[in-house]
Amino acid sequence: MHRCTLSLLASLLCAGVVSPALAAAKSRPRPPNIVFIFADDHAWQAISAYGEERHLIETPNIDRIATEGMRFDRCVVTNSICGPSRAAILTGTWSHINGFYNNTNSRFDDSQPTFPKRLQAAGYQTAIIGKWHLVSDPTGFDHWHILPGQGRYYNPPMIRNGETVRHQGYVTEIITDLTLEWLDHRDPDRPFLLMMQHKAPHRNWQPPIRHLNFDNDRVYPEPPTLFDDYSGRGIAERDQDMSLAHTMHDGDVKLRTPGGLTAEQRAAWDAYYKPRNEAFRKANLSGRDLIRWRYQRYMHDYLACIKGVDESVGRILDRLDELGLAENTIVVYSSDQGFFLGEHGWFDKRWIFEESLRTPLLVRWPGVVKPGSTCSAIVSNVDFAETFLEAAGLPVPERMQGASLVPILKGQVPDDWRTSFYYQYFEYPKPHHVRPHYGVVTDRYKLVKFFGTGEDYTELFDLQTDPHELRSVYSLTEYAPVVRELEAELARLRRELRVPADDQIPPEAFGNVADRQT
Ligand code: CA
């Protein structure tokens, strides 16, 4: 095909039809298209390509991106919560630079440089469809069709280029249909950036109606830390409000039927949940039995949402094949952060711990990424913008703080690649009472400092001896050299990333100031 094009150009040149400059431009490889598929709160434990020991679900379509591309095993986020992660991805910066600290009162400053703006200026068609969640309207996109705020699972209103549109059906399928429609009607002569951003599987995990019975009442294996007693750590881990035991409410576990369903959807919903809820009420569970029941219901609902997302990925990959686009399109699958699936007795995210710190990252780029390859280097959502810009042949703005993954995708981790990473979380006390903390992460250790509550303290975790992060070894004599080294590294990273001192952080960074405890 390529050869045919060249010989056609050569004959046109001979005939004097095409200028030499245009011929040279036409013979250059076209910049790759970018399809960025993003889920909200998709734990890596719930992607079969990551091989977690519980084998919670098969995700054959998402796994296809890993099989045909690269699986990143330690992609970490700068601040494990929705909006801040999205802002980090768009701008390639940490929260203290992009100003989006939390989901409570942050608003995305759209005057900042973002990778979609740069791609658009370079001639890419740019579109975002699905969840946006950054308060201000999207900029840098020729087309946007987004959920307002968190969005709804069933029959969601959406906003198309500023205009409200009503939709009937299930959110994951609607977002997929809209994405395919855009793909079919794009300008075929220009490269494109297409961001499909799912709402699922965000709390409260409302599944596609047709998948309600997808697991035939399977009993899911429990994580070893479901009944964590938080001993061996400080007050922060005990003091949170994100547990299956105390925080998960009736709406979360579907003891209430949600509003906004059509009569038909409601009938199917009740046909599935009502008899099971009756049995639950009769059993009159308490204590650990009640937590176990909640865990099972949580896994059913969460994983049914994932099944819908996996099908969506399959439909996009198939359409790229049908349109002949797969060869020159980078396909990325990721989530805004990880998520707790019962580990430590928790749901939600926020913490520097592995379940929420790590996010899935799978990248397919035919002819560049070796199929079936894996990467264990520390990479981050703060690297995505730089990666897309380099892939498109564009310079990376000085302000961006991450690093392009293109060399890694080509098979070579640069010698000077990062071996440590800076993390910082702010939102407190609402909604989940997770204390603000920052820290440094390496392949083996985590040094974590809880700050901003008047009860500052430090913890150290050794992932090699304590992979579930159940015991701080900060005060053990044998770890003193490690602590010294990590304290120095933490200080270096904070200088390099221009992190403000604790007392210089704007009060609104923590969320609603009125909610703060004195
Ligand atoms: Ca999220």
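Residues numbered from 1 in each chain as written. Predicted model: local features only at pLDDT ≥ 70, side-chain atom pairs only at ≥ 80, totals over all residues. Heavy atoms only, no water.

## Some thoughts on empty space enclosed by the protein
Here comes step 1: A complete count under the given rule lists 3 cavities of 30 Å³ or more for this structure.
Here comes step 2: A volume near 80 Å³ is recorded for the largest cavity.
Here comes step 3: Lining the largest cavity are I330, V332, L361, V363, W365, F384, T387, F388, A391, L405 and L409.
Here comes step 4: Those elements that place two or more of their residues in the lining of the largest cavity are β9 (329-335), β10 (361-364) and α12 (384-391).
Here comes step 5: In this model, the second largest cavity occupies a volume close to 50 Å³.
Here comes step 6: Surrounding the second largest cavity, F38, R86, I89, L90, I128, W132, L134, M195 and Q197 form its lining.
Here comes step 7: Elements represented by at least two residues in the lining of the second largest cavity include exactly α4 (82-91) and β8 (192-197).
Here comes step 8: No other element matches the 3 residues that α4 contributes to the lining of the second largest cavity.
Here comes step 9: Among the residues forming the lining of the second largest cavity, the class breakdown is 7 nonpolar, 1 polar and 1 charged. (1 Å grid on protein atoms, 1.4 Å probe; cavity = no way out; pocket = protein on both sides within 12 Å on 5 of 7 lines; lining within 4 Å. Points joined across faces, edges and corners; volume = space filled by probe spheres on them. Helix = DSSP H or I, 4+ residues; strand = E, 2+ residues; numbered from the N terminus. Nonpolar A, V, L, I, M, F, W, Y, C, P; charged D, E, K, R; others polar.)

## Here we look at the packing of aromatic side chains
Here comes step 1: Taken as a whole, this structure holds 31 aromatic pairs when the rule is applied.
Here comes step 2: Seen from their ring centres, W205 and F347 are 5.6 Å apart, and the 85° between their planes marks the pair as edge-to-face. One end of the pair, W205, is in the loop between β8 and α8 (235-239); the other, F347, is in the loop between β9 and α11 (354-357), with 142 residues separating them in the sequence.
Here comes step 3: Here F347 falls in the buried class, since its relative accessible area comes to 0%.
Here comes step 4: The ring of F227 carries the charged tip of R288 above its face, separated from the ring centre by 4.2 Å.
Here comes step 5: Sitting over the ring of W44, R358 keeps its end group 3.9 Å from the ring centre. (Phe/Tyr/Trp six-rings, centres within 6.5 Å; stacked < 30°, edge-to-face > 60°. Buried < 20%, exposed > 50% of the residue type's maximum accessible area, 1.4 Å probe, protein only. Lys NZ or Arg CZ within 6 Å of the ring centre and 35° of its normal.)

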